[in-house]
Amino acid sequence: MKNNIKKGLLLLLIQISMVINAQTEFEQSAISIGVVVSDIDASTAFYKDVVGMIEVPGFNVTSEVAKKTGLTGGLPLQVTVLKLEDSPTATEWKLMSFEKEATHPKQQYIQDDTGMQYITIFPKDMKDAIARIKKHKVPTLGETPTKLPNGKTFILIQDPDGTFIELIGDL
């Protein structure tokens with residue numbers, strides 16, 4: 001287990017060192033986003049099968065490391081990592097679960113709660129995105145799909161825990 005963590009940290013350090021941008025104070029231009037979900041299997045399937053993300057190697061955090069870093073009070077983490085493309089510079093959507101229901105109600109609109117409410121994804125092919133949404137019987141919200149003033153098509157859906165997902169692209 002410790003070797004896996006060491007290997008994971010080494011790979012992470014290699015990735016970070018490969019993505020140095022001289023025009024910013026940050027070593028990486030992408031943000032890695034950690035999302036606690038109620039059901040890891042349902043959320044992983046949703047993001048892969050409906051949204052179209054790909055799974056890349058994840059990692060584990062031991063209870064000792066999780067407590068020492070302040071991530072948890074001592075609970076270990078198993079993190080599933082998803083990306084829009086298999087690239088070292090792609091944003092990471094990191095899913096983890098403590099197998100408990102959310103303590104906040106599922107939002108109907110983005111104004112219903114504070115904190116991160118939605119993500120925006122720009123598919124190259126909205127027809128494929130719409131087909132995946134329909135195949136998995138995911139309801140679209142509002143009057144979507146709808147055309148935006150710039151001619152792009154906009155679709156709004158929610159993941160199994162209620163995070164809103166905007167899909168914007170050419171139809």
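Residues numbered from 1 in each chain as written. Predicted model: local features only at pLDDT ≥ 70, side-chain atom pairs only at ≥ 80, totals over all residues. Heavy atoms only, no water.

A. The overall build of the protein, seen in detail. For the protein, the count of helices and strands is four helices and eight strands. Listing every helix and strand of the protein by position from the N terminus yields α-β-α-β-α-β-β-β-α-β-β-β. Considering the protein as a whole, with its 171 residues, one finds that 34% of them fall into the buried category. Pairs at least 24 residues apart make up 57% of the contacts formed inside the protein by residues separated by at least 6 positions. (Helix = DSSP H or I, 4+ residues; strand = E, 2+ residues; numbered from the N terminus. Buried < 20%, exposed > 50% of the residue type's maximum accessible area, 1.4 Å probe, protein only. Contact = heavy atoms within 4.5 Å.)

B. Up close: the sheet that holds strand β8 (residues 164–169). The four strands are arranged β5-β8-β7-β6 in an open sheet whose pairing can be described as mixed. Of all the strands in the sheet, the pair left with one neighbour each is β5 (118–121) and β6 (146–147). Looking at chain direction, strand β7 (residues 153–158) and β8 are connected through six bridges and run antiparallel. When the bridges of β8 are listed, Thr-153 appears paired with Gly-169. (Pairing = 2+ DSSP bridges.)

C. Quick peek at the pattern of salt bridges. Per the counting criterion, the structure on display carries two salt bridges. For Lys-48, the salt bridge is made with Glu-55, and the minimal N-O distance between the two is 3.3 Å. We classify Lys-48 as partly exposed; its relative accessible area is 33%. (Salt bridge = Lys/Arg side-chain N within 4 Å of Asp/Glu carboxyl O.)

D. Spatial organisation of helix α4 (residues 126–135). Every buried residue belonging to α4 is among Met-126, Ala-129, Ile-130 and Ile-133, and all of these are buried. Down the axis of α4, the smallest arc covering the buried residues is 95°, so these residues share one side. Every exposed residue of α4 that faces more than 90 degrees away from the buried side is listed here: Lys-127 and Lys-135. Contacts made by the buried residues of α4 are with α2 (40–51), β7 and β8. (Arc of directions from axis to C-beta.)

E. Molecular detail of the pairing of strand β3 (residues 77–83). Burial of β3 is extensive: six of the seven residues sit out of reach of the surface. Summarising the sheet, β3 and strand β4 (residues 92–97) pair through three bridges and their orientation is antiparallel. Within β4, the position partnered with Leu-82 by the bridge is Trp-93.

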